[in-house]
Structure formats: structure tokens, C-alpha cells
Amino acid sequence: MKRDIDTLRISVTDRCNLRCNYCMPPEGIEPMLHEKVLTFEEIIRLSSIFAGLGIKKIRVTGGEPLVRKDIIKLLGQLVDISGIEEVAITTNGAYLSGFAAGLKEAGINRINISLDTLRIDRFKAITGSEYFYEVLNGIKKAKELGFSPIKINTVLMRGINDDEIIDFMGFSLKEGLILRFIEFMKVTPLWNEDYFMPIEEVKDIVCKGFGLEKTEYPGSGPAQYYKAGGGIVGFIKTDENNCQRCNRLRITSTGELKLCLYETGSFSLNELLRNGTSDDRIRDIISAKLCLKEEVDYRKWEWGKVYMSVLGG
């Protein structure tokens, strides 16, 4: 392979305790049947197979991963896999304060927290929940316990929260957090063109207020990082070809392997796990599939086909 694919994102559940209006409809979506979702044993088995293929980093996602029963136990087992150098988690932060100590004890040091507004009334409008202060307390607890880095993922939507760009910059600088602004993604069926705000426009606003100096930040994900106001800010553009910079694979909660976030098809690893296929055979099949990642072409993306809570982000 031409690219060094070293990161695996694993969704452990499609369930979530929020109803973010760009992620799923207010009434939610029909949850996956329990028997279709990967068990902990299957997740560990797959992760071990991928470690043998060069995966060094695992990021656990959802839905909301902290709603999965015994998630701390799973994370500790992932950390112990030979060849895995780092396990991180992405959360909406609503339950983080109660889980932070357990996460740290399990060996998790890196954490991403989704937060799209710093205003309590707007938080309820966006997420359909009352967890605003719980999220802030979760961030505080993560800082107290020494998680590093703590990244804040902010999806910007024109007319919804674009007037908070400067506020978010001030918040991240004050709290010592890595802020990442993300374009509203067309992948969701809830896509609304009126909400779309090009990341270049966001960068201009930040540059005028804080200055921007391009910098290299560890990892080869989609974000482009800059020094700004004494801190670090990242910008993630979602409608351009990031393929040559992409170092990651995704496994959905039901065991579907996706080579690309926007890939319309997928390949069932769950079926292999449950029909008696050996680890060696699964490894060979995955290895053959990985070669296809070189052929992923963003111009063939089909937008608006899947909810992010199902895909795993």
C-alpha cells in the first residue's frame, strides 16, 4: 500500500443519549438489534487481527460509546492488545465526568469531545437535551485527571452557531484545549445546504481575531492545524479530496468494514466472525480489501445516505 494505514475507528454502539439535529431526527432512529451488534469478544478479536496488519491506533466511537454497558472493560482490553500503541475515545461528554476516572485507569489518555455551542439554550436546541453543564463538567474532570490532548470537535452551521467562532477560540485558549472546527457534512440525510459554511470562511474569521500560523501536529488525519493566539486550532474540510492524507479505516457497530467515511458499500466482518472463519483467513481477506483503499475517489461519494450515529463518524 502507498499509504500508511495505522488507525482504526470502531463504533461500539449506534445508540446515543443526544439527538443532535444534524446527526439524527428528533424522534431518533430504529436501533440495531442487539444480536447484530459486535460483542466485546468480537471487537477484541478484530482489533487483534488489524494490529497484525499494521494498525497501531484505535479510536472508539458510537453513537455515544459511554452508553455501552461495561465500556471501561472493553477499553482496557483494547489497550492490552499487542501492537496497539494508543486507544482513544470520542464522546459527546454528557456522561464523561462519571467515567473519566475509569477511562484513565483503563489506559485512555486522549479524548475528543463533541461540543457545538457554549450557550445553554442553544445546546438544548441543537442536541435536544439538558446535558450542557454535564458536558462542561466532563471537560473539567478530564483536565483535572490529566487527559492530553483534549480535543473539542465543533460542527459549524451557518445561522445556527457560526456566531460563536470567536467564543470557542477564547474558551479553548483559556482551558488549554485543542479546538477543531468541522464543516457540516453532506453525508447525513439531514443535510441542509443553508447550514453549510465553508471552512475557508471560518479560517478567515479566526485569522482576523487571533492570527494563523501553519503547524504540523502529530497524526495524519483530515484536520489541518495552525497556531493561533498561543494555542492550536484545527480545521476539517469535508468536501474535498482528503483521500491521500487519510490513514484510517472504520468498523461500524454491526461489524461492517468501511474503507472511507463516504463509501456507499461495506464489507461484513461480522459474517466472517460468526461463520467459523479462522483469524488467518480473515486477515488475508482484510488485507486484500485494504488494497482497494487506494482506489477510493471522493468524486464518487454519494451524499446523504447514512446517519452518523450508524456510521460511527
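Below or above, wherever it landed, is the structure these notes cover. Residue indices follow the written sequence of each chain, beginning from 1 at its first position. For this predicted model, a pLDDT threshold of at least 70 governs which residues receive local features, and a threshold of 80 or more governs which side-chain atom pairs are given and counted, while totals over whole chains, interfaces and linings are taken from all residues. With hydrogens and water excluded, all non-hydrogen atoms of the structure serve as input to the side-chain values.

Let's shift gears to the sheet that holds strand S12 (residues 267-268). Here 12 strands make up an open sheet; going across it, the order is S7-S8-S9-S6-S5-S4-S3-S2-S1-S10-S11-S12 and the pairing mixed. Each having just a single partner strand, strand S7 (213-214) and S12 make up the two edges of the open sheet. Bridging between strand S8 (residues 224-228) and strand S9 (residues 231-236) involves five bridges; their strand directions are antiparallel. Of the residues in S9, the one forming a bridge with Gln224 is Phe235. One bridge is not enough; two strands pair if DSSP finds at least two bridges between them. The helix count covers DSSP runs of H or I at least four residues long, the strand count covers runs of E at least two residues long, and both are numbered beginning at the N terminus.

Moving on to the packing of aromatic side chains. Aromatic rings in a pair are described by how distant their centres are and how their planes are angled relative to each other. Stacked, tilted and edge-to-face pairs are distinguished by plane angle, under 30 degrees for stacked and over 60 for edge-to-face with tilted covering the rest, among Phe, Tyr and Trp rings (Trp via its six-membered ring) whose centres lie within 6.5 Å. Considering all chains together, one arrives at seven aromatic pairs under this definition. Ring centres of Tyr226 and Phe235 lie 5.6 Å apart, and the angle between their planes is 75 degrees; on these two criteria the pair is classed as edge-to-face. By the burial criterion, Tyr226 is buried, and Phe235 matches it. A connected cluster of aromatic rings, assembled from ring pairs, spans Tyr22, Phe184 and Tyr195. Relative accessibility thresholds used throughout: buried, under 20% of the residue-type maximum; exposed, over 50%; partly exposed, between the two (1.4 Å probe, protein chains only).

A few words now on the packing of helix H6 (residues 165-175) against helix H7 (residues 199-210). Where H6 meets H7, the axes come as close as 10 Å, and the angle between the chain directions of the two elements is 55 degrees. What the angle tells us is that H6 and H7 run oblique. Once H6 is placed against H7, the crossing between them reads as right-handed. The residues of H7 that touch H6, namely those facing Ile165, Ile166, Met169, Gly170 and Leu173, are Val202, Ile205, Val206 and Phe210. The classification used treats Ala, Val, Leu, Ile, Met, Phe, Trp, Tyr, Cys and Pro as nonpolar, Asp, Glu, Lys and Arg as charged, and all other residues, Gly among them, as polar. The residue makeup of the contact of H6 with H7, split by class, is eight nonpolar, one polar and no charged. For helices, the axis comes from a line fit to the C-alpha atoms of the stretch in contact; other axes are also lines fit to C-alpha atoms, and the angle between any two N-to-C directions lies between 0 and 180 degrees. Orientation categories follow fixed angle ranges, with anything under 35 degrees roughly parallel, anything over 145 roughly antiparallel, 65 to 115 roughly perpendicular, and all other angles oblique. Take the far helix as your reference; a near helix turned counterclockwise from it by less than a right angle gives a left-handed crossing, and one turned clockwise gives a right-handed crossing. Contacts are assigned to residue pairs with any non-hydrogen atoms lying within 4.5 Å of each other.

Moving on, we get to unusual backbone geometry. Glycine aside, the phi torsion of most residues is negative, and most peptide linkages are trans. Note that the residue after Gly62, namely Gly63, is joined by a cis bond; omega there is 10 degrees. By secondary structure assignment, the location of Gly63 is in the loop between strand S2 (57-61) and helix H2 (71-79). In this structure, the amide linkage connecting Ser148 to the following residue, Pro149, adopts the cis form with an omega of -5 degrees. Within the element layout of this structure, Pro149 appears in the loop between helix H5 (132-144) and strand S5 (150-156). For Asp70, which is not a glycine, the phi torsion comes out positive at approximately 65 degrees. By the secondary structure assignment, Asp70 is in the loop between S2 and H2. A relative accessible area of 48% means that Asp70 is categorised as partly exposed.

In short, shape yes, function no, at least from these values alone.
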